[in-house]
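Chain by chain, the residues run as shown.
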Amino acid sequence: MTAPLVVEEHDDRVVLRLNRPEVRNAIDRAMVEALHAACAALEAAPRVALLIGTGGTFAAGADIAQLRERRRDDALAGINSGVFERVRKLPMPVIALVDGYALGGGAELAYACDFRIGTPATKIGNPEPGLGILAAAGAAWRLKELVGEPLAKEVLLAGRVLDAQEALAVRLLNEVVDAGDLEPAGHRLADRITAQAPLAVRLTKSVLDAPRDAHPLVDDIAQAVLFETQDKTDRMTAFLDRRKGKS
């Protein structure tokens, strides 16, 4: 059986390939379980993750055949919402590389990532109400935070699908590149992230996600941890040495 998720390990990053191209990478239970396994590995050994679809599509949604059979208890179990929230909470940044369709659950998976890079063929939307359900795996609240309430309502209530330039204009996509440059663009962004101090990136992501009432205490605690690291001393010393060399 073909694996629904192909994991490529690198020293400082992991590439996760959604691998059901015959159904446009529709997210089924097997893929959810594979994503949980990938998250467990990234929680144990934090690295940047690049998430990409195979076959020219990111993910065209949840598997409708499975979704049609789900009932109340399945919804309450949070099958997709649970794994997408786990993706969002990964210790290091996650970069979604979005070619073609990112619809329904596919869009919600992309919304859970820290960065999204698209191609001219990118289409992002949430057509769930047209199927008699709602976007319950994060879009109903996360999209509003990403693009603002008026546009989120167009997508979630009126079925608007954003093309690449529309998504770029509202910064739902951080960048749009040619399809052949999509994965290299993801690695270029990963290079920029991994050039930073790893623990500083991890704690900055955590502080960014903290509720407003947690500030400034959470900022001060995170900074206190970083002030004690050898990485901080080494990097600041190197900075000062470079500045002296230029004077």
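Above this text sits the structure in question.
Quick summary incoming for the structure in this document. The model shown is predicted, which means the values in this text are computed figures rather than measured ones.

### Section: the packing of aromatic side chains
Describing an aromatic ring pair means giving the distance of the ring centres and the angle of the ring planes.
1) Next: In total, this model carries zero aromatic pairs according to the counting rule given.
2) Next: It is Lys232 that lies over the ring of Phe227; its NZ or CZ is 4.9 Å from the centre.

### Comments concerning helix H7 (residues 149–158)
1) Next: Those residues of H7 lying buried are Leu151, Ala152, Val155 and Leu156. Down the axis of H7, the buried side of the element spans an arc of 120 degrees, and every buried residue falls inside it. The exposed set on the far side of H7, more than 90 degrees from its buried face, consists of Pro150, Leu157 and Ala158.
2) Next: Where H7 is buried, its residues touch helix H5 (105–111), strand E7 (123–125), helix H6 (139–147) and strand E8 (162–163).
3) Next: Of the residues trailing H7, Gly159 is marked for its positive phi of about 75 degrees.

### Quick word on the sheet that holds E7
1) Next: Spatially, three strands are ordered E5-E7-E8 in an open sheet, and the strand pairing comes out mixed. The sheet is open, and its two edges are formed by strand E5 (101–103) and E8, each paired on a single side.
2) Next: Sheet topology note: the E5/E7 ladder contains three bridges and is parallel. By the bridge assignment for E7, Tyr101 is matched with Lys123.

### What about the side chain of Arg116?
1) Next: Mapping Arg116 onto the fold places it in strand E6 (residues 115–118).
2) Next: Buried and unpaired, Arg116 has Asp114 as its nearest opposite-charge partner, separated by 7.5 Å.
3) Next: There is a polar contact of 2.9 Å between the side chain of Arg116 and the backbone oxygen of Ala110.
4) Next: What Arg116 contacts, discounting residues up to four positions off in sequence, is Ala96, Ala110, Tyr111, Leu146, Leu172, Leu173, Asn174 and Glu175.

Thresholds, definitions, all that
Residues numbered from 1 in each chain as written. Predicted model: local features only at pLDDT ≥ 70, side-chain atom pairs only at ≥ 80, totals over all residues. Heavy atoms only, no water. Phe/Tyr/Trp six-rings, centres within 6.5 Å; stacked < 30°, edge-to-face > 60°. Lys NZ or Arg CZ within 6 Å of the ring centre and 35° of its normal. Buried < 20%, exposed > 50% of the residue type's maximum accessible area, 1.4 Å probe, protein only. Helix = DSSP H or I, 4+ residues; strand = E, 2+ residues; numbered from the N terminus. Arc of directions from axis to C-beta. Contact = heavy atoms within 4.5 Å. Pairing = 2+ DSSP bridges. Lys, Arg positive; Asp, Glu negative; His and termini not counted. Salt bridge = Lys/Arg side-chain N within 4 Å of Asp/Glu carboxyl O. Polar contact = N/O pair within 3.5 Å; in protein donor to acceptor, adjacent residues only side chain to side chain.

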